[in-house]
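The chain contents come next:
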Amino acid sequence: MGTEANPLITRHKCSACFKQFKRKEHLVEHMKISYHSVHQPRCPVCLKHCKSFESVREHLNGPLQKPTCSEVFSVQGCNLCLKVYNSSNSLHKHKEICCLASPVPLGTAFMHSTECQVNMSVSNDKDHNLEGLKGVAMDCEMVGGGSDGSIDICARVCLVDEDENIIFYAYVQPEIPVTNYRYELTGLTKEHLKDAVPLMEVKDEILKILYNGEPVERLRLDGGKARLLVGHSLEHDLYCLRMKYPVHLLRDTAKYQPLMKTNLVSHSLKYDIQTAVHDPYEDCVSVMRLYKRMRSQDHQMEGMKPQNLSTDFDSLQPEELEKMSPDELYEISRPNYRCWCLDSK
């Protein structure tokens, strides 16, 4: 006769992702590598922790969805921000606010070179020192250089503030000959770059905006009044602009773990916000909205003791960890990335 499972066997359940383990040491090892914290995306119904928002969506609507959570979310949930509301009236009011109108593309006729110069002069205006404009979104548009047109050359750049106002916009003078204007994607022709602004001038003006009057020495330490630079694949844009900016002041949606795919590979910008034709203003506005949504999350330790930052897994012996409850293990667990909600603190 077959043996039945013993219902008295103790199972050690993770307080965050609900995985169960036969041995306490296995739960401890799981907690060490999972980096569970209040900053992780969670199912709005059962509160299960996931690595990314896409993991949450799969939990709610994927092939292996949890039926009870999916059923509740289909009636009470917002597909954009993944929040759940108690009444259809509350959900309806929320959706009116949560679903923003798409930003209107500027097209290629917005500014020609002389107007770019005027717009660049605005970057020196005192209005850029107003408090509250902590983030600046940047996006570049590339044309192709080299024999096969595969070398990315920055041809147009746009910066917007947190209120979606343009604070910098310019066509950029290519440093090497353009062999492919990629017209189908950019809408740019040789005429647009005829009297474009030299790359070094563009770079200097952008840095003036980002530094915001802050000395470079302090910028490297804690940022001071310097702007946070928001964008998608910022490393590539900065490289094409021949620019460097402190890593701790970058907010890149292509590398932000909660926004990545379930295998922690970045989504393309088109997946989130980009239309068929690349428009730098449209992308700036959209990536800024995405950043502000991530920043506005309220991650509170409800019902739990304040975290003791001096206590973590490395500071305790294995036998001490095995005596801790699942909730206590979760309390000392730390995320392996900096949550953008901390920007608003």
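Nothing here was measured: the structure is a model prediction, and the numbers come from that model. (Residues numbered from 1 in each chain as written. Predicted model: local features only at pLDDT ≥ 70, side-chain atom pairs only at ≥ 80, totals over all residues. Heavy atoms only, no water.)

Draft legend 1. Highlighting the pattern of salt bridges. Going through the model one piece at a time under the given rule, you end up with 12 salt bridges. The partner of glutamate 235 in a salt bridge is lysine 255, with the nearest N and O atoms 2.7 Å apart. Pair noted here: glutamate 235 is in helix H9 (residues 234–240) and lysine 255 is in the loop between strand S9 (250–252) and helix H10 (269–272), with a separation of 20 residues, a long-range link. Across the pair aspartate 343 and arginine 338 runs a salt bridge, and its minimum N-O distance is 2.7 Å. Looking at aspartate 343, the relative accessible area reads 11%, which means it is buried. (Salt bridge = Lys/Arg side-chain N within 4 Å of Asp/Glu carboxyl O. Helix = DSSP H or I, 4+ residues; strand = E, 2+ residues; numbered from the N terminus. Buried < 20%, exposed > 50% of the residue type's maximum accessible area, 1.4 Å probe, protein only.)

Draft legend 2. Region of interest: the nonpolar core. Within the largest apolar cluster, 65 residues are counted, with the highest numbers of intra-cluster contacts made by Met138, Val157, Leu159, Val202, Ile206, Leu241 and Tyr245. Looking at which element gives the most residues to this core, the answer is helix H11 (residues 280–295), with eight residues. With residues up to four places along the chain from it excluded, the contact list for methionine 138 reads Val157, Cys158, Leu159, Ile206, Leu229, Val230, Gly231, Leu234, Asp237, Leu238, Leu241 and Cys284. Core analysis: the second largest hydrophobic core is formed by 14 residues, Cys14, Val28, Met31 and Met324 among them. (Core = buried A, V, L, I, M, F, W, Y, C linked by side-chain atoms within 4.5 Å. Contact = heavy atoms within 4.5 Å.)

Draft legend 3. Representation of the packing of helix H2 (residues 53–61) against helix H3 (residues 67–76). Contact pair H2 / H3: the axes reach a minimum separation of 7 Å and the direction vectors enclose 95°. Here H2 is positioned roughly perpendicular relative to H3, judged by the angle of their axes. Contact residues: H2 offers His59, Leu60 and Asn61, while H3 offers Cys69, Ser70 and Phe73. Classifying every residue of the contact of H2 with H3 by side-chain character gives three nonpolar, three polar and no charged. (Axes fitted to C-alpha atoms, helices over the stretch in contact; angles between N-to-C directions. Parallel < 35°, antiparallel > 145°, perpendicular 65-115°, else oblique. Nonpolar A, V, L, I, M, F, W, Y, C, P; charged D, E, K, R; others polar.)

Draft legend 4. Structural detail: the packing of aromatic side chains. Tallying each qualifying case throughout the model produces five aromatic pairs. With centroids separated by 3.7 Å and ring planes inclined at 5°, the aromatic side chains of tyrosine 256 and tryptophan 340 adopt a geometry described as stacked. Of the two residues, tyrosine 256 sits in the loop between S9 and H10 while tryptophan 340 sits in the segment after helix H13 (326–332), which places them 84 residues apart along the sequence. A residue is classified by how much of its surface remains accessible, and tyrosine 256, at 5% relative accessible area, is buried. A relative accessible area of 4% places tryptophan 340 in the buried class. Lying over the aromatic face of phenylalanine 18, lysine 13 brings its terminal NZ or CZ to 5.1 Å of the ring centre. The ring of tyrosine 239 has arginine 242 lying over it, and the distance from NZ or CZ to the ring centre is 5.6 Å. (Phe/Tyr/Trp six-rings, centres within 6.5 Å; stacked < 30°, edge-to-face > 60°. Lys NZ or Arg CZ within 6 Å of the ring centre and 35° of its normal.)

Draft legend 5. Broad picture of the confidence of the model for the chain. Mean pLDDT over the chain: 85, with 82% of residues reaching 70 or higher. Here residues 269–275 is a poorly scored stretch, pLDDT under 50, and it has 13 contacts once near neighbours within four places are set aside; other chains count. (pLDDT = per-residue confidence, 0-100.)

Draft legend 6. Up close: unusual backbone geometry. With phi around 70°, leucine 47 is a residue other than glycine that occupies positive phi space. With respect to the helices, strands and loops of the structure, leucine 47 is situated in the loop between helix H1 (24–34) and H2. A positive phi is found at glutamate 164, a non-glycine position, where the angle reads about 70°. Position of glutamate 164 among the secondary structure elements: in the loop between strand S4 (151–160) and strand S5 (166–173). Residue glutamate 164 is classed as partly exposed on the basis of its relative accessible area of 24%.

Draft legend 7. View of the pairing of strand S8 (residues 228–231). Side chains Leu228 and Val230 of S8 all project onto a buried face; the interleaved residues Leu229 and Gly231 project onto the opposite face, where all are buried too. With three bridges joining them, strand S3 (residues 135–145) and S8 adopt parallel strand pairing. Bridge pairing in S8 places valine 136 opposite leucine 229. Judged from the three bridges that link them, S8 and S9 form a sheet pairing that is parallel. Across the sheet, valine 230 pairs through a bridge with arginine 251, a residue of S9. The parallel pair S8 and S9 is bridged by H9, and the resulting crossover is right-handed. (Pairing = 2+ DSSP bridges. Right-handed = clockwise from strand over helix to strand, strands pointing away.)

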